Amino acid sequence: MEKYNTLQEMIGEAEQRSVKLSDIIIEASCEQMQISEKTFLNLMKINFEAMRNSVIEGKNIEDESPSGLVGDITSSMLKFNESKNIFGKLFSNVITDALAVSELNACMGCIVAAPTAGSCGILPALLFPIQKEHNFTDEQMIRATICASGVGYIIAKNASIAGAEGGCQAECGSAAGMSAAAIVELFGGTAQMSGWACAHALKSFLGLVCDPVAGLVEEPCIVRNVSSAVVAMSSAQLALANIKSIIPVDEVIYTMKEIGDEMDEKYKETALGGLATTKTGTEINNKIYGCKNKCSNK
Amino acid sequence: MNVFDIVGPIMIGPSSSHTAGAVKIGYFCHLLSSDAKEFSITFYGSFAKTYQGHCTDRAIIGGILGYLPNDTRIRNAILKSKELGYEMKIITSEEKPSHPNTAKIQWYENNHKFEVIGQSVGGGNIKIISICDQKTEITSSDDYYIIKNDSKNIIKHYTFKHIQDSYNNMVLVHKKEVTLDFLVENKLEFIDLKTRSNHGKI
C-alpha cells in the first residue's frame, strides 16, 4: 500500500486495468504485508465477522455505560421501529445498527475500530442492512470492506483518522467517506465514482470538531455515528448517479488536514470546548468525575 | 500502517487510544514481569483526566493480568485482579507529559525496581518510551524475543541490562540482533513475543 500516495493514483490504476478499487487494495496490501491473497481475505473476514457480531450484540445491550450516561437508546429505537416506518426499512435499519454498535462501544462491548472506536458504528451500520436488503453474498461484502479500508488508508496517510489530531471530521468524516466509496463499489460503480462518493461525504464533515462531553465516547459521538451513516448513503447515491465532486477527492482530503491542523486544541478530543463545556456538559463532567469510584469499583 | 489498522483492531470499547492502547501498555508489563503482585500505575495528561470514564484503569490492569485488547474480561479486570491477590494502585499526575496519553507502571521483582513508561499514540497503537530509565522506542513487542537462562552469556548485544540483572540472566532482545537459527543452535530457551510461543523449557 505504501506505493500509493493519493486516492487518484489508486483510481487511475484500477481504471486503466479495468479492475475494482478493492482489487488494487488487495494486491498492494499482499505485497506490503508479504502474505497471499487467500490469507489477506481470511484476515479481513475475521474483522468482517467481528463487525457482524457487534451489530447483533449491540441490539441486546442490557447494561448502561460505565459513566451511566447511555444505556437504552438502541432499545428505544427498536421499539419505535416496530410501530412506525417513516423513511423506509433500510433507513431505519441503518440508523438502528449505527446506534447499536456505538452504544455497545460505550458499554465496553467488543467492536471493530473503523477507523476508530469512536466511529465504529458507521461502516457496519451500512454493510449489514444493505446486505440484507439487496441479498449480497459475504464475499461481496468483504470486498466492500476492503474498499473502505484502502480509502481509509489514504485518508490516514494524507490527513488523519484521529480526533485528537483532526477533530471529528477525521473520525466520523473518514468513516463516512470510506463507507460511501465501499457502497459505490458494491453497486457496480466505477473506481472514479467511489472517489467522488468519498469526496461528497468528507465535504459534509469539514470543520466538524471533536467535543465529547466529559471526554467520553458517548455524547455527541453516538448520534454523530448515526448521521455519518446517513451521509454515507446520500454521498454514495450522488456518485452512482454520476454526480461528480467538483473538488477532487485528494484535494478534499488535503483540506481536511489543513482544517485539522488549524483547529484549536480545545476542539480536538480534549473536552475543553464545544458541547463538552456547555452548562449541561460541565454538569455531567462534574457529576461523573466528582464521584470518582463509580467506574473503578465495578 | 496497513489496512488492518484502518478496519481494525477488534477491541473492547470505548476508545482505541484510552482503552485498547492502555491494554497493550499493561500487556507489555505482563510480558516483562514474573511473580510481582503489586503494581503502581501513574496516569498523565488525558489519561489522568478521563481514565474513569474511558475505563483506562480496567484496561491497563487487564493488560497486566495478560488480557489482550479484544478480551471481554477487561470489563471486570479490577475485580479479578483483587480476587487473584494483586494490589494495583492508581495514581494521577498533574505533570505535563510529552504525549497526552501516557502511563507509568512500576513494580518490584527480586528486589529490583521496574519502571515502564508507555504512550498510547492513536488507533490503539502504543510506544514504550522508557524501561527502567533507559530510553526505548518499542512500538510492538512483536519485534522482540525474551531469552531466559542465558547463563553462558551467549547473547552479547541485548537491549536491556537491567532486566538481565533482575531476572537471573533473562534478556529482551530485538529480532534484528539475533536470528532464530542462532537461538536454536545454542539451545537457548526463549519466548517469541509475536507468536507468544515458548521454545525450550520455559
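Residues numbered from 1 in each chain as written. Chains lettered and ligands numbered in written order. Predicted model: local features only at pLDDT ≥ 70, side-chain atom pairs only at ≥ 80, totals over all residues. Heavy atoms only, no water.

(A) Local environment of the overall build of chain B. Scanning chain B from terminus to terminus reveals six helices and eleven strands. Counting over 202 residues, chain B shows a buried share of 55%. A separation of at least 24 residues holds for 63% of the contacts in chain B among residues at least 6 apart in sequence. (Helix = DSSP H or I, 4+ residues; strand = E, 2+ residues; numbered from the N terminus. Buried < 20%, exposed > 50% of the residue type's maximum accessible area, 1.4 Å probe, protein only. Contact = heavy atoms within 4.5 Å.)

(B) Region of the structure containing the overall build of chain A. For chain A, the count of helices and strands is 14 helices and one strand. Taking 2.2 N^0.38 as the reference for a compact globule, 298 residues should give roughly 19 Å; the C-alpha atoms of chain A span a radius of gyration of 19 Å, in line with that estimate. Looking at chain A as a whole, 56% of its 298 residues are labelled buried. Within chain A, residue pairs in contact and separated by at least 24 positions form 76% of the contacts whose partners lie at least 6 positions apart. By element, 53% of the accessible surface of chain A is carried by carbon and sulfur atoms, the whole surface being about 12,300 Å². Here chain A carries 24 positive and 35 negative side-chain charges, and the mean point of each set is 4 Å from the other. (Rg over C-alpha atoms; globule rule 2.2 N^0.38 Å. Areas by Shrake-Rupley, 256 points an atom, 1.4 Å probe, with all protein chains shown as cover. Lys, Arg positive; Asp, Glu negative; His and termini not counted. Charge placed at Lys NZ, Arg CZ, Asp CG, Glu CD.)

(C) Quick peek at helix α1 (residues 7-16) of chain A. Residues and elements named next belong to chain A. The complete set of buried residues in α1 reads Leu-7, Met-10, Ile-11 and Ala-14. An end-on view of α1 places all buried positions within 100 degrees of arc, on one side of the element. Residues of α1 that are buried sit in contact with α2 (21-33), α7 (138-158), α10 (191-205) and α12 (249-262). Following α1 by one or two positions, Ser-18 adopts a phi angle in the positive range, close to 50 degrees. (Arc of directions from axis to C-beta.)

(D) Focus on the pairing of strand β6 (residues 125-131) of chain B. Residue and element names in this part refer to chain B. Direction of pairing for strand β5 (residues 112-122) relative to β6: antiparallel, over a ladder of six bridges. Opposite Ser-120, over in β6, you have Ile-126 as the bridge partner. Here β5 folds back onto β6 in antiparallel fashion, the turn holding two residues, of which Gly-123 has a positive phi close to 60 degrees. In the sheet, β6 pairs with strand β7 (residues 134-138) via three bridges, with the strands oriented antiparallel. Bridge pairing in β7 places Ile-128 opposite Ile-138. Between β6 and the antiparallel strand that follows it, β7, lie two residues; Cys-132 among them carries a positive phi value of about 50 degrees. (Pairing = 2+ DSSP bridges.)

(E) View of the interface of chain B and chain A. Facing 31 residues of chain B, the contacting portion of chain A comprises 51 residues. Summing both sides of the interface, chain B and chain A together bury roughly 3,300 Å²; the carbon and sulfur share of this comes to 63%. Counting the surface chain B buries against chain A, the share from its top three residues, Phe4(B), Ile6(B) and Val7(B), is 21%. In this assembly, chain B and chain A are joined by nine residue pairs in polar contact (both at pLDDT 80 or more). When contributions to the side of chain B that touches chain A are tallied by element, the ones reaching two or more residues are β1 (10-12), α1 (16-32), α2 (45-54) and α3 (56-65) of chain B. Sorting elements by how many residues they give to the side of chain B that touches chain A places α2(B) first, with six residues. When its residues are assigned to classes, the side of chain B that touches chain A shows 14 nonpolar, twelve polar and five charged. (Buried area = accessible area lost by both parts, 1.4 Å probe. Polar contact = N/O pair within 3.5 Å; in protein donor to acceptor, adjacent residues only side chain to side chain. Nonpolar A, V, L, I, M, F, W, Y, C, P; charged D, E, K, R; others polar.)

(F) Seen up close, the nonpolar core. Membership of the largest hydrophobic core comes to 94 residues, with the highest contact counts inside it found for Met10(A), Leu21(A) and Ile155(A). The element that contributes the greatest number of residues to this core is helix α9 (residues 168-186) of chain A, accounting for twelve residues. Those residues in contact with Met10(A) that lie beyond four places of it in its chain are Met1(A), Tyr4(A), Leu21(A), Ile24(A), Ile25(A), Gly150(A) and Ile154(A). Counting 44 residues, the second-largest nonpolar core is a separate cluster that includes Leu31(B), Cys55(B), Met88(B) and Val116(B). (Core = buried A, V, L, I, M, F, W, Y, C linked by side-chain atoms within 4.5 Å.)

(G) View of the pattern of salt bridges. Residue and element names in this part refer to chain A. A complete count under the given rule lists 15 salt bridges over all chains for this structure. Across the pair Arg-17 and Glu-27 runs a salt bridge, and its minimum N-O distance is 2.6 Å. One end of the pair, Arg-17, is in the loop between α1 and α2; the other, Glu-27, is in helix α2, and ten residues separate them in sequence. Take Arg-17: its relative accessible area is 37%, and that puts it in the partly exposed class. For Glu-27, a relative accessible area of 35% corresponds to the partly exposed category. (Salt bridge = Lys/Arg side-chain N within 4 Å of Asp/Glu carboxyl O.)

(H) Molecular detail of the confidence of the model for chain B. On average, residues of chain B carry a pLDDT of 84, and 85% of them reach 70 or more. ipTM for the predicted complex: 0.94, alongside a pTM of 0.87. (pLDDT = per-residue confidence, 0-100.)

(I) Region of the structure containing empty space enclosed by the protein. Residues and elements named next belong to chain A. Enumeration according to the criterion identifies one cavity of 30 Å³ or more in this entry. By volume, the largest cavity is sized at about 40 Å³. In terms of lining residues, the largest cavity is bounded by Leu-123, Leu-126, Leu-127, Ile-130, Met-141, Ala-144, Ser-179, Ala-182, Ile-183 and Leu-186. Looking at the lining of the largest cavity, the elements with two or more residues in it are α6 (122-134), α7 and α9. Counted by class, the lining of the largest cavity contains nine nonpolar, one polar and no charged residues. (1 Å grid on protein atoms, 1.4 Å probe; cavity = no way out; pocket = protein on both sides within 12 Å on 5 of 7 lines; lining within 4 Å. Points joined across faces, edges and corners; volume = space filled by probe spheres on them.)

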